[in-house]
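Given next are the chains, with one letter for each unit.
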Amino acid sequence: MAPTKTAHKTEFTTPSDRELVAVRVVDAPRTLVWDVHTKPEHVSKWMLGPEGWSMPICEIDLRPGGKWRYVYRKNDGSEQFELGGEFREIVPPERLVHTEAWGGDFAEALETLVLTEQDGRTTIRATVLFPDKAARDRAMGTGMTEGWAQSYDTLDDLLPTLVRR
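Rules of the game
Residues numbered from 1 in each chain as written. Predicted model: local features only at pLDDT ≥ 70, side-chain atom pairs only at ≥ 80, totals over all residues. Heavy atoms only, no water. 1 Å grid on protein atoms, 1.4 Å probe; cavity = no way out; pocket = protein on both sides within 12 Å on 5 of 7 lines; lining within 4 Å. Points joined across faces, edges and corners; volume = space filled by probe spheres on them. Nonpolar A, V, L, I, M, F, W, Y, C, P; charged D, E, K, R; others polar. Pairing = 2+ DSSP bridges. Helix = DSSP H or I, 4+ residues; strand = E, 2+ residues; numbered from the N terminus. Axes fitted to C-alpha atoms, helices over the stretch in contact; angles between N-to-C directions. Contact = heavy atoms within 4.5 Å. Buried < 20%, exposed > 50% of the residue type's maximum accessible area, 1.4 Å probe, protein only. Lys, Arg positive; Asp, Glu negative; His and termini not counted. Salt bridge = Lys/Arg side-chain N within 4 Å of Asp/Glu carboxyl O. Phe/Tyr/Trp six-rings, centres within 6.5 Å; stacked < 30°, edge-to-face > 60°. Lys NZ or Arg CZ within 6 Å of the ring centre and 35° of its normal.

Engineer: Which parts of the structure should I look at to understand empty space enclosed by the protein?
Structural biologist: Summary: where empty space remains is shown by rolling a probe the size of a single water molecule over the atoms. A full pass over the atoms with the stated rule returns one cavity of 30 Å³ or more. As a volume, the largest cavity reaches approximately 50 Å³. Surrounding the largest cavity, Glu100, Trp102, Phe106, Ala107, Ala109, Phe130, Ala135 and Ala139 form its lining. Taken together, the residues that form the lining of the largest cavity break down as seven nonpolar, no polar and one charged.

Engineer: What should I look at first to understand the sheet that holds strand S3 (residues 53-60) in this one?
Structural biologist: Hydrogen bonds along the backbone pair up the strands of a sheet, which may run parallel or antiparallel. On the basis of which strands lie adjacent, the open sheet formed by eight strands has the order S1-S2-S8-S7-S6-S5-S4-S3 and antiparallel pairing. Each of the sheet's edge strands pairs with one partner strand only, and the pair in question is strand S1 (11-13) and S3. Adjacent strand axes in the sheet meet at a mean angle of 20° when their direction is disregarded. Strand contacts of helix H1 (residues 30-38): strand S2 (19-26), S3, strand S5 (80-91), strand S6 (95-100), strand S7 (109-118) and strand S8 (121-129), with the helix running at about 155° to S7, the strand carrying the most contacts.

Engineer: Help me understand the environment of Cys58, please; the structure alone is not making it clear to me.
Structural biologist: In this fold, Cys58 is placed in strand S3. On the basis of relative accessibility, which here comes to 16%, the residue Cys58 falls in the buried class. Here the alpha-carbon distance between Cys58 and Lys45, two residues 13 residues apart in the chain, equals 9.9 Å. Among all residues touching Cys58, those that are not within four sequence positions of it are Pro40, Val43, Ser44, Arg69 and Tyr70.

Engineer: Looking at this model, I keep getting lost on the layout of surface pockets. Mind explaining?
Structural biologist: Looking at the largest pocket, its volume works out to about 750 Å³. Taken together, 29 residues line the largest pocket, and the ones lying closest to its centre are Met47, Tyr72, Leu83, Glu100 and Met144. Looking at the lining of the largest pocket residue by residue, the class counts come to 20 nonpolar, seven polar and two charged.

Engineer: Before we go on, may I ask you to explain the side chain of Glu111 in this structure?
Structural biologist: On the secondary structure map, Glu111 appears in strand S7. For the buried Glu111, no salt bridge is present, and the opposite-charge side chain at shortest range is Arg125, 11 Å distant. Those residues in contact with Glu111, other than ones at most four positions away along the chain, are Leu96, Val97, His98, Glu100, Ala126, Thr127, Val128 and Trp148.

Engineer: Got a minute to help me understand the packing of aromatic side chains in this structure?
Structural biologist: Two aromatic rings are characterised by how far apart their centres lie and by the angle between their planes. Counted according to the given criterion, the structure contains seven aromatic pairs. Geometrically, the ring pair formed by Trp68 and Tyr70 is tilted, given 4.6 Å between the ring centres and 50° between the ring planes. Each member of the pair, Trp68 as well as Tyr70, is classed as buried. Ring centres 4.8 Å apart and planes at 15° place the aromatic pair Tyr72 and Phe81 in the stacked group. A relative accessible area of 6% places Tyr72 in the buried class. Given a relative accessible area of 39%, Phe81 falls into the partly exposed group. Ring-pair connections join several aromatic residues into one group, and the members of that group are Phe12, Trp46, Trp148 and Tyr152. Seen from the ring of Phe106, Arg138 lies directly overhead, with NZ or CZ sitting 3.8 Å from the centre.

Structure, rendered in structure tokens:
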């Protein structure tokens, strides 16, 4: 009998006017979840948002002051956008803090990723701190939570393939 996959859901909350928090439990050890958040060869396979997008450019200089840059492209070539930022704090495999800029007139945000493991499962908690409520609400209005949840669904599919390595 094949093992059954535990279905998890991404929970989003707005605990303050400036914050968006995403929490997801995955069936993988924390060290692996750290790797899939910090290594380009993994990030580019799952952090894609809605179906039909790819990440042809994924650059990560994982050190305090190091930069990261993701370029997303719709598979039909009709749209493209870029995200980037700078790493502020790196505590493997539990905490990662970085800025996040979408470009244009979007405000820069600060994201804190915290990974906790219990019984072989890892809880991913990502807190995005925006400069104000308007910036948070504008970002949320882009469909970011839906794309984020879909990316974590893709991560759920990717993790078992990495555990077997």
